[in-house]
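Read off the chains here:
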Amino acid sequence: METPTVLLSTAAPIPAAGGATAAWLHAAARCAGDPSPMLAALRNTPGPPPVPGTGATLSLWELLASVAALDLTAARTLEPHLDAAAILDQAGIAWVPGTTWGVFAAEGPGLKLEAGAEDDDGTWRLRGDKPWCSLAGSLDHALITAAVPGGRRAFTVDLRQSGVVPAPSTWASHGLANVPSGPIRLDDVAARPVGGTDWYLRRDGFAWGGLAVAACWFGGAVGLYRTLIQSATRREPDQLALAWLGEADRLLASGAALLADAAHQVDAGRVGWGVAHRVRGHIASLCGRMLSLTGQSLGPGPLTFDADHARRVADLTVYVRQHHAARDDASLGRLLLEDSTAGQGTGVRPW
């Protein structure tokens, strides 16, 4: 079965067939809002997953966008798995084939996870509650951040331990409905450290992971575009339909160009949060506009009778809210001001 792919640049298309790429694309085409096909494909993948910053970041983000254009639940399952692989690679920790992974690093009011003192064999113990743990009840392992003296530290955790207890799902949204993302309780759970205190937050790869999420948002917008253009080919489009289609194309072209440029900068070791905030903010705005103009162009019909389109709209609406909107723009503004004041030409402001 052939699956359509998303190209961010004509210079480096993703592999067309064979290996993990084809298997993950085929799994995404079967998901229909259910993460099970992607989880099975990940467990059946031999060898370590691809990671960013090794010369093929563009191909990796094209893969994520391609998966997301097919099914955002599939992308929401694949992206943290690949993020975990990247974090372990950056820490020099070997990958365990045949496993599925998540990354649980969010914080929330009233919830705290603490890491206890290290045992003689290098094992730590985690105790407390962690919010926003997507698919915790379906995954094998996760990389989890916990409080330690002086900051936070990342740990690998086998989620199949008896002390890991996902909270009953209270997910009310129709978006990403089968990706439960509630809290988990960890009661004296064994964990192994990944990097030192605050290494997880300070590494360059933290920003790279944020850009990989933006590639998934972009893929969701491409899925909307595909529905838009299919609608335009079924009947003679009027002037407004043509205008909406043209606007969608130029929005996606600008987003693809930004992601492609950022991918090349990642491989050159030149990407920090300045670039990440700029690209993520643009892609998030692009997604918001794509949701709006497809709604205006297509009307209520696809939202009420086309299950794939209705699910994509709901999924993307929830997924893109990982962007913190004006707060992330404020962080970018702070970096710009620091760059201008220091006069060091750090690359945050290229003009």
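The structure reproduced in this document is the subject of the present report. Residue numbers restart at each chain and count upward from 1, following the sequence in its written direction. For this predicted model, a pLDDT threshold of at least 70 governs which residues receive local features, and a threshold of 80 or more governs which side-chain atom pairs are given and counted, while totals over whole chains, interfaces and linings are taken from all residues. For side-chain calculations, the full set of non-hydrogen atoms in the structure is used, while hydrogens and water are omitted.

Remarks on helix H3 (residues 57-70)
Here is step 1 of the chain: Starting at the N terminus, helices and strands are each numbered in turn, a helix being any DSSP run of H or I of at least four residues and a strand any DSSP run of E of at least two. Take the number of residues in a helix, subtract one, and multiply by 1.5 Å to get its expected span. Along its 14 residues, H3 runs 20 Å from first to last C-alpha, staying within 8% of the 20 Å computed at 1.5 Å per residue.
Here is step 2 of the chain: Using a 1.4 Å probe on the protein chains alone, a residue whose accessible area is under 20% of its type maximum counts as buried, one over 50% counts as exposed, and one in between counts as partly exposed. Taken across its 14 residues, H3 has twelve buried, putting it largely inside the fold.
Here is step 3 of the chain: Listed in full, the buried residues belonging to H3 are Thr57, Leu58, Leu60, Trp61, Glu62, Leu63, Leu64, Ala65, Ser66, Val67, Ala68 and Ala69.
Here is step 4 of the chain: Residue contacts are defined here by distance: any two heavy atoms, one from each residue, within 4.5 Å place the two residues in contact. The inward-facing, buried residues of H3 abut helix H1 (19-31), helix H2 (36-43), helix H4 (72-90), helix H6 (205-234), helix H7 (239-267) and helix H10 (307-319).

Examining the pairing of strand S7 (residues 184-194)
Here is step 1 of the chain: Pairs of strands are assigned from DSSP output, requiring at least two bridges between the strands. Pairing of strand S3 (residues 124-130) with S7, which is carried by seven bridges, proceeds in the antiparallel orientation. Residue pairing for S7: Arg125 is matched across the bridge by Ala190.
Here is step 2 of the chain: Sheet analysis places strand S5 (residues 151-158) next to S7, joined by three bridges and oriented antiparallel. Paired with Phe155 across the strands is Pro193, a residue of S7.

Some details on the side chain of His309
Here is step 1 of the chain: Positionally, His309 belongs in helix H10.
Here is step 2 of the chain: Overall, the relative accessible area of 3% leaves His309 in the buried class.
Here is step 3 of the chain: Excluding anything up to four places from it in sequence, His309 contacts Leu224, Thr227, Leu298, Pro302 and Leu303.

Quick word on the environment of Trp61
Here is step 1 of the chain: With respect to the helices and strands, the residue Trp61 is situated in helix H3.
Here is step 2 of the chain: Its relative accessible area of 1% is what places Trp61 among the buried residues.
Here is step 3 of the chain: Here the alpha-carbon distance between Trp61 and Glu79, two residues 18 residues apart in the chain, equals 9.7 Å.
Here is step 4 of the chain: Excluding residues within four positions of it along the chain, Trp61 makes contact with Leu8, Trp208, Leu211, Ala212, Ala215, Leu259, Ala262, Ala263 and Val266.

A word on the nonpolar core
Here is step 1 of the chain: Met38, Trp61 and Phe218 are the most contacted members of the largest nonpolar core, which totals 91 residues.
Here is step 2 of the chain: Of all the elements, H6 adds the most residues to this core, at 16 residues.
Here is step 3 of the chain: Ignoring any residue separated from it by four or fewer positions in sequence, one finds Met38 in contact with Trp24, Ala27, Ala28, Cys31, Val67, Ala74, Thr77 and Leu78.
Here is step 4 of the chain: Val51, Ile87, Val103 and Leu143 belong to the second-largest nonpolar core, a separate cluster that totals 14 residues. For this analysis, a nonpolar core means a set of buried residues of the types Ala, Val, Leu, Ile, Met, Phe, Trp, Tyr and Cys, connected via side-chain atoms within 4.5 Å.

Notes on the packing of aromatic side chains
Here is step 1 of the chain: Ring pairs shown here join Phe, Tyr and Trp side chains whose ring centres sit within 6.5 Å, with only the six-membered ring taken for Trp; geometry is labelled stacked below 30 degrees between planes, edge-to-face above 60, and tilted in between. Here the structure, examined in full by the defined rule, presents five aromatic pairs.
Here is step 2 of the chain: Here Trp124 and Phe155 contribute two aromatic rings whose centre-to-centre distance is 5.4 Å and whose plane-to-plane angle is 55 degrees, an arrangement assigned as tilted. One end of the pair, Trp124, is in strand S3; the other, Phe155, is in strand S5, with 31 residues separating them in the sequence.
Here is step 3 of the chain: The class for Phe155 is buried, based on a relative accessible area of 0%.
Here is step 4 of the chain: Taking 5.2 Å as the distance between ring centres and 50 degrees as the angle between the ring planes, the aromatic pair formed by Tyr200 and Phe206 counts as tilted.
Here is step 5 of the chain: Given the relative accessible area of 7%, Tyr200 is considered buried.
Here is step 6 of the chain: Exposure remark for Phe206: the relative accessible area of 25% places this residue in the partly exposed category.
Here is step 7 of the chain: A network of ring pairs unites the aromatic residues Tyr200, Phe206 and Trp273 as a single cluster.

Observations regarding H2
Here is step 1 of the chain: Looking only at H2, the buried set comprises Pro37, Met38, Leu39, Ala41 and Leu42.
Here is step 2 of the chain: On the buried face of H2, the contacting elements are H1, H3 and H4.

Observations regarding the pairing of strand S4 (residues 141-148)
Here is step 1 of the chain: Among the eight residues that make up S4, seven are buried, leaving the element largely enclosed by the rest of the structure.
Here is step 2 of the chain: When strand S1 (residues 101-104) meets S4, the two strands line up parallel, connected through four bridges. Across the sheet, the residue bridging to Val103 is Leu143, located in S4.
Here is step 3 of the chain: In terms of strand pairing, S4 meets S5 through eight bridges, oriented antiparallel. When the bridges of S5 are listed, Ala147 appears paired with Arg152.

Comments concerning the packing of H1 against H3
A packed helix pair is summarised by two numbers, namely the angle formed by the two axes and the spacing between the axes.
Here is step 1 of the chain: As a packed pair, H1 and H3 sit with axes 8 Å apart at the nearest point and diverge in direction by 20 degrees. The angle between the axes of H1 and H3 places the two elements in the roughly parallel class. As H1 runs across H3, the sense of the crossing is right-handed. Contacts between H1 and H3 involve Thr21, Trp24, Leu25, Ala28 and Ala29 on the former and, on the latter, Leu63, Ser66, Val67 and Leu70.
Here is step 2 of the chain: Any residue outside Ala, Val, Leu, Ile, Met, Phe, Trp, Tyr, Cys, Pro, Asp, Glu, Lys and Arg is labelled polar, Gly included; the first ten of those are nonpolar and the last four are charged. Within the contact of H1 with H3, the residues separate by chemical class into seven nonpolar, two polar and no charged. Comment: axis = line fitted to C-alpha atoms, over the contacting stretch for helices; angle = value between 0 and 180 degrees taken between N-to-C directions. Any angle between 65 and 115 degrees counts as roughly perpendicular, while under 35 counts as roughly parallel, over 145 as roughly antiparallel, and the rest as oblique. Take the far helix as your reference; a near helix turned counterclockwise from it by less than a right angle gives a left-handed crossing, and one turned clockwise gives a right-handed crossing.

Let's talk about the pattern of salt bridges
If charged atoms from side chains of opposite charge come close, those side chains can pair.
Here is step 1 of the chain: A side-chain nitrogen of Lys or Arg and a carboxyl oxygen of Asp or Glu constitute a salt bridge if their distance falls within 4 Å. A full pass over the atoms with the stated rule returns 13 salt bridges.
Here is step 2 of the chain: Measuring nitrogen to oxygen at the nearest pair gives 2.7 Å for the salt bridge that ties Asp188 to Arg127. Taken as a pair, Asp188 in strand S7 and Arg127 in strand S3 lie far apart in primary sequence, 61 residues in all.
Here is step 3 of the chain: A residue is classified by how much of its surface remains accessible, and Asp188, at 33% relative accessible area, is partly exposed.
Here is step 4 of the chain: Exposure remark for Arg127: the relative accessible area of 42% places this residue in the partly exposed category.
Here is step 5 of the chain: When salt bridges that share partners are traced, they join Arg43, Asp140, Asp158 and Arg160 into one network.

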